[in-house]
Amino acid sequence: MKVQDTVQPAKGAPTARSAKPKSKWGRLWSDVVRDKYLYVLALPGILFFIIFKYIPITNLVIAFQEYSPYFGVLGSPWVGFEHFARFFSNNDFWMLLRNTLAISFLSLIFFFPAPIILSLMLNEVRSSLYKRTIQSLVYIPHFLSWVLIYGLTYLMFSQSEGLFNKWLVSMNWETIDILSNPNYFWGMLTAQSIWKEIGWGTIIFLAAIAGVDPQLYEAAVMDGAGRLRRMWHVTLPAMRNVILILLILRLGTILDTGFEQIYLMMNAAVTNVAEVFDTYVYRVGIRQGEFSYSTAIGLFKSIVGVIMVVTANKLARRYGEDSLY
Amino acid sequence: MKNTERKSPKSLLKMTLLLLLTSSLLLSACGGGGSGSESKGNEGGTDSNEPTSITIQTLNYATEFIDNTNALWKELEKETNTKLNITWLSPSTAEEKINVMLASGDLPEVTFVESMQNPQLQKMLKQGVFWDLTPFLKDYPNLNRDELKEMWDVTKVDGKNMVIPRYYPSYGGGIFPMVRKDWLDALNLETPKTLDEFYNVLKAFKEKDPNGNGQADEIPYTANPGSLAYIYNIFNETQGSWKLQSDNTLSPIITSEESKEAMLWIKKAYEDGLFPKDFAIMKFSQVMDTMRSGKAGVGGMSMNHAWVTGKSVRDVDPKADLMPLSYLENANGVKYTPSGSPYYGVYLIPKKVPEAKVKKILEFFDYGYSKEGNEMLTYGLEGVHYTVENGKKVSTPQAAIDKTGDGNLNNMIHLVSDDMSISAVGMPDDVYNRNVEIVNERKTVKVPNPSAELYSEAYNKYYPEISKKVEDMRVMVITGKESIESYDKLIESIKNDPKMKEITDEMSKAYQEKYVK
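Fair warning: this is a prediction, and the values are worked out from it, not measured in the lab.

(A) Summary view of the overall build of chain B. Across its full length, chain B carries 24 helices and 15 strands. Overall size of chain B, expressed as C-alpha extent along the three principal axes, is 90 × 65 × 65 Å. Here chain B holds 517 residues, and the buried ones make up 39% of them. Counting contacts in chain B only where the partners sit at least 6 residues apart, residues at least 24 apart contribute 73% of the total.

Right, here's the structure in full:
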């Protein structure tokens, strides 16, 4: 679609070729013939999506089957919505939904704005050397794996060896059980995510800020705007589109909570607040070999994701903002 | 650019398509490499001079995996006239890989599955995916050795031998306390025989400074919830998760009164500070790290760790001496020691393998279970990898280069001997002799294991969830985050759960079908 848009101006007035009114498909075909090189350029990308994204989608039918590897997708017996019924009637369903939504919303409220705030702050820094050093430093955690971060967290907060607890002991205070306390679990996850990704998240916002016309700031100064006013009336509005689009995309993955992090941080004492759809699918689907059941859960997640994106996009359009599509 | 412009658009399109096609062909050729080489080998095995190619996938506990450049690998190929294509699975990812492999249906000619209870395997056995080996087995004398008789018996599926079990001794394996003998001696304590004595030893380790550095820095027992499962078995007087009742039905021990007592025993020990503070969140590797650091008095492990881990502890504390306990008695005076069926993991041959090759594969295993072949896989070749002095095998430097001992080829086919579970490379004589004594003492303790080799679909479907709930609840109660009342409530709800009833009925039925004639 994009390809067509870019060549639109070249089209000009209707030529002799398309003088006769054609059907929709016929017009598409003549477009394809005319822009064939562009289509050839797009071909590898299109093939990629067909082979690796669209063809695998057809295997989703195993969510409605009692899938057996031996019989394959074509030979396995159909069971209709049995797996969905089992999932929704499961006592754990509400717990999973609660945990997933809680973790997602915490991350939406605290983790999502964090890079925005950081990039606003970085934007106000005068010394460009200082600014660039800080920028590089905050990128680093992004490249650490979750396993390493789990290890660091353990070294910091475990009760017997944790630095934090050792410090508490040295001050003659009681040690705090942080890692196996259900009350702290969600907070710990959010804090970890912020620590790991805040720097990386600023890249796109800083790029948006860089696009602001300096004259706007000058005009604002002339009007007597202070730093905060400039941030509020100039910088933030310039970032609004980017923030909105990222937010819509984020809503689409509302039921994805990041498997690795939670799986690593989970322990018997916090399962009640830690078990989410992703870990459940892993435990039941991969470990117990219930592929149909876990596919059904995955499908449910995707459908919720699609609904969220479409709704958010509609809302954005209604309020006159730039939307995703 | 100029050149392409001159070409006719048609030929350009053709060329692009051609390029794409060739590249995709190339890619698929790479992907298919594995299966291609499979069929390349001597399918029928009719020409006896040509080596038969066999693809095998199996577990490997070694830290470094060997490949076909290894001298022993070559020796094995020469002896069996085969060309081996072995895929090693590391233990931490084996379960997932095996499940995915079974799901894909693309099975190697010799497929390893860790547990007969694997739900997918059970389904596939019913669907007849694998060869029934019963008619062939009688032709292979080494597979019919007396020592192996039991493992063939217990792995029968509906009276047929569908699998080649991988031998592992019944006794010596499994998680059970390993005690610092030097700490016992320092405090003049006897080796504990009962659970109460064991408790007192742990308490003494905490309070009486067994390492003599004047600080209370000892961790009496390094454990996490998973490594204490045997405590529940001691209280319930049975192996596994099920107990046989007098009317030949099975009852789950997870809901029993005895299990609650076991939990309270652990709770008391936790409150007395006998376990690490991070008990609830420690992974098994962290439990073992604590043991190796020399700070802990007891750890749960199999008997060969008297040296595997014992050696590392000795690096930190030269006096350290790890000694496995023989058994522990509960309050009723009933002894418990871990034991299992004499195999660990099974090999299967899919039906797509032609009959002649099945025989060739059995021949290969026949060699592996022959006295000569079996020792070769573990110790290597006499004169090259070891020399015999006073009837004992002493490793040469070449042994380390060719990676003999635990792991690699030895993991494919275990040594048919107790040494598999109680010995380790470089284990000093005194530790080894004491281990022999202890394993012989363990063998006098027979704990019933009624649920071994039983399969129930309801069990596979529902039990993992139920047991996880109970295990989590236990940890919460032990660490004081939940009350005993909420534990009782959970157990009550499980007892009334129709799913639990279905599991219990199916398990009892499976037991009666297998053992009650």
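(B) Representation of the overall build of chain A in the model. For chain A, the helix and strand inventory stands at 17 helices and zero strands. Overall, the C-alpha framework of chain A stretches about 90 × 75 × 35 Å when taken along its three principal axes. Residue burial in chain A is summarised as follows: out of 325 residues, 22% are buried. Partitioning the intrachain contacts of chain A with sequence separation of at least 6 by distance along the chain shows that 63% fall at a separation of at least 24.

(C) How the structure looks around the interface of chain A and chain B. Contact with chain A, which involves 20 residues of that partner, is made by 30 residues of chain B. Counting residues per element, the ones that place at least two in the side of chain A that touches chain B are helix H3 (36-57) and helix H16 (277-287) of chain A. For the side of chain A that touches chain B, the class distribution of residues is eight nonpolar, ten polar and two charged.

(D) Representation of helix H24 (residues 498-515) of chain B in the model. Residue and element names in this part refer to chain B. A rise of 1.5 Å per residue sets the reference length of H24, with its 18 residues, at 26 Å; its end C-alpha atoms lie 26 Å apart and thus fit the reference within 8%. Among the residues of H24, those classed as buried are Ile 503, Thr 504, Met 507, Ser 508 and Tyr 511. When H24 is viewed along its axis, its buried side chains cluster within an angular range of 130° and face the same direction. Opposite the buried face of H24, by more than 90 degrees, sit the exposed residues Pro 498, Lys 501 and Glu 513. Close packing links the buried residues of H24 with strand S7 (242-244), strand S8 (250-252) and helix H22 (457-478).

(E) Highlighting the domain arrangement of chain A. Residues and elements named next belong to chain A. What the domain assignment lists for chain A is domain 1 (2-75) and domain 2 (83-318). On a C-alpha basis, the centroid separation for the pair domain 1 and domain 2 is 35 Å. Listed by partner, the interface residues are six residues for domain 1 and six residues for domain 2. Residue composition of the side of domain 1 that touches domain 2, by class: four nonpolar, one polar and one charged.

(F) How the structure looks around the environment of Lys 360 of chain B. Within the element layout of this structure, Lys 360 of chain B appears in helix H16 (residues 355-368). For the pair formed by Lys 360 of chain B and Asp 67 of chain B, sequence separation is 293 residues and the distance between their alpha carbons is 21 Å.

(G) Seen up close, the domain arrangement of chain B. All names here are of chain B. For chain B, the assigned domains read domain 1 (44-171 + 342-422) and domain 2 (176-338 + 446-515). Put simply, the middle of domain 1 and the middle of domain 2, counted by C-alpha atoms, are 32 Å apart. On the domain 2 side, the residues contacting the seven residues of domain 1 number six residues. For the side of domain 1 that touches domain 2, the elements supplying multiple residues, two or more each, are helix H6 (119-127) and helix H20 (419-422). Classifying every residue of the side of domain 1 that touches domain 2 by side-chain character gives four nonpolar, three polar and no charged.

(H) Structural view of the sheet that holds strand S13 (residues 343-348) of chain B. Residues and elements named next belong to chain B. Read from one edge to the other, the open sheet built from five strands follows the order S2-S1-S3-S13-S4, with strand pairing classed as mixed. Both edges of this open sheet fall to strand S2 (82-89) and strand S4 (164-167), since each of them pairs with a single strand only. On average, each strand axis in the sheet is inclined to that of its neighbour by 25°, with strand direction left out of account.

(I) Local environment of the nonpolar core. Membership of the largest hydrophobic core comes to 95 residues, with the highest contact counts inside it found for Leu 202, Ile 231 and Ile 266 of chain B. Discounting residues that sit within four places of it in the chain, Ile 231 of chain B has contacts with Ala 262, Trp 265 and Ile 266 of chain B.

(J) Local environment of the UniProt feature "transmembrane region" (unreviewed entry) in chain A. Residue and element names in this part refer to chain A. The residues that UniProt annotates with the feature "transmembrane region" (unreviewed entry) are residues 37-55, 101-125, 137-157, 198-217, 238-255 and 291-310. What you have in residues 137-157 is 71% helix and 0% strand, and the ends, taken at the C-alpha atoms, are 23 Å apart. Counting secondary structure, residues 198-217 comes out at 85% helix and 0% strand; the distance between its end C-alpha atoms is 26 Å.

(K) Local environment of the sheet that holds strand S9 (residues 296-301) of chain B. Residue and element names in this part refer to chain B. One open sheet accounts for four strands, arranged S6-S9-S5-S10; its pairing is mixed. The sheet is open, and its two edges are formed by strand S6 (219-222) and strand S10 (322-324), each paired on a single side. Ignoring strand direction, the axes of neighbouring strands in this sheet form an average angle of 25°. The sheet contact formed by strand S5 (residues 176-180) and S10 spans three bridges and is antiparallel. Among the inter-strand pairings, Arg 180 is bridged to a residue of S10, identified as Leu 322. Against the sheet, helix H10 (residues 195-207) engages S6 and S9, with an angle of about 130° to S6.

(L) Structural detail: the confidence of the model for chain B. All names here are of chain B. Within chain B, residue pLDDT values average 86, and 91% of them lie at 70 or more. Every residue in residues 1-7 is under pLDDT 50, and counting partners more than four places away or in other chains gives two contacts. In the model, residues 24-46 has pLDDT below 50 throughout and makes 19 contacts with residues more than four positions away in sequence or in other chains. Across the whole predicted complex the pTM is 0.78, and at the interface the ipTM reaches 0.72.

(M) Structural view of the UniProt feature "domain: ABC transmembrane type-1" (unreviewed entry) in chain A. Mapped onto the present numbering, the UniProt feature "domain: ABC transmembrane type-1" (unreviewed entry) falls at residues 97-312 of chain A. Across residues 97-312 of chain A one finds 77% helix and 0% strand; the C-alpha atoms that close the span lie 20 Å apart.

(N) Main features of the environment of Ile 245 of chain A. All names here are of chain A. Looking at the secondary structure, you find Ile 245 in helix H13 (residues 227-252). Residue Ile 245 is classed as partly exposed on the basis of its C-beta count, with 17 C-beta atoms lying within 10 Å. As a C-alpha pair, Ile 245 and Ala 312 span 67 residues in sequence and 9.7 Å in three-dimensional space.

(O) Region of interest: the pairing of S5 of chain B. Residues and elements named next belong to chain B. Most of S5 is tucked away: five of the five residues are buried. Pairing of S5 with S9 involves four bridges; the strand directions are antiparallel. Residue pairing in the sheet places Pro 177 in a bridge with Gly 300 of S9.

(P) Representation of unusual backbone geometry. All names here are of chain B. Backbone geometry places Asn 81, a non-glycine residue, at a positive phi of 50°. Residue position: Asn 81 is located in the loop between helix H4 (71-80) and S2. Classification of Asn 81 by C-beta neighbours within 10 Å gives partly exposed; the count is 17. Its identity as a non-glycine residue notwithstanding, Lys 403 has a phi of 55°, on the positive side. Structurally, Lys 403 is set in the loop between helix H18 (397-401) and helix H19 (409-412). Under the C-beta neighbour-count criterion, Lys 403 is labelled buried, with 22 such atoms within 10 Å.

How each quantity is defined
- Residues numbered from 1 in each chain as written.
- Chains lettered and ligands numbered in written order.
- Predicted model: local features only at pLDDT ≥ 70, side-chain atom pairs only at ≥ 80, totals over all residues.
- Helix = DSSP H or I, 4+ residues; strand = E, 2+ residues; numbered from the N terminus.
- Buried ≥ 20, exposed ≤ 12 C-beta atoms within 10 Å, placed from the backbone.
- Contact = placed C-beta atoms within 7 Å.
- Nonpolar A, V, L, I, M, F, W, Y, C, P; charged D, E, K, R; others polar.
- Expected span 1.5 Å × (residues − 1).
- Arc of directions from axis to C-beta.
- Domains from an automatic or database assignment.
- Pairing = 2+ DSSP bridges.
- Axes fitted to C-alpha atoms, helices over the stretch in contact; angles between N-to-C directions.
- Core = buried A, V, L, I, M, F, W, Y, C linked by C-beta atoms within 7 Å.
- UniProt positions renumbered as here; feature names shortened; annotations may be inferred.
- pLDDT = per-residue confidence, 0-100.

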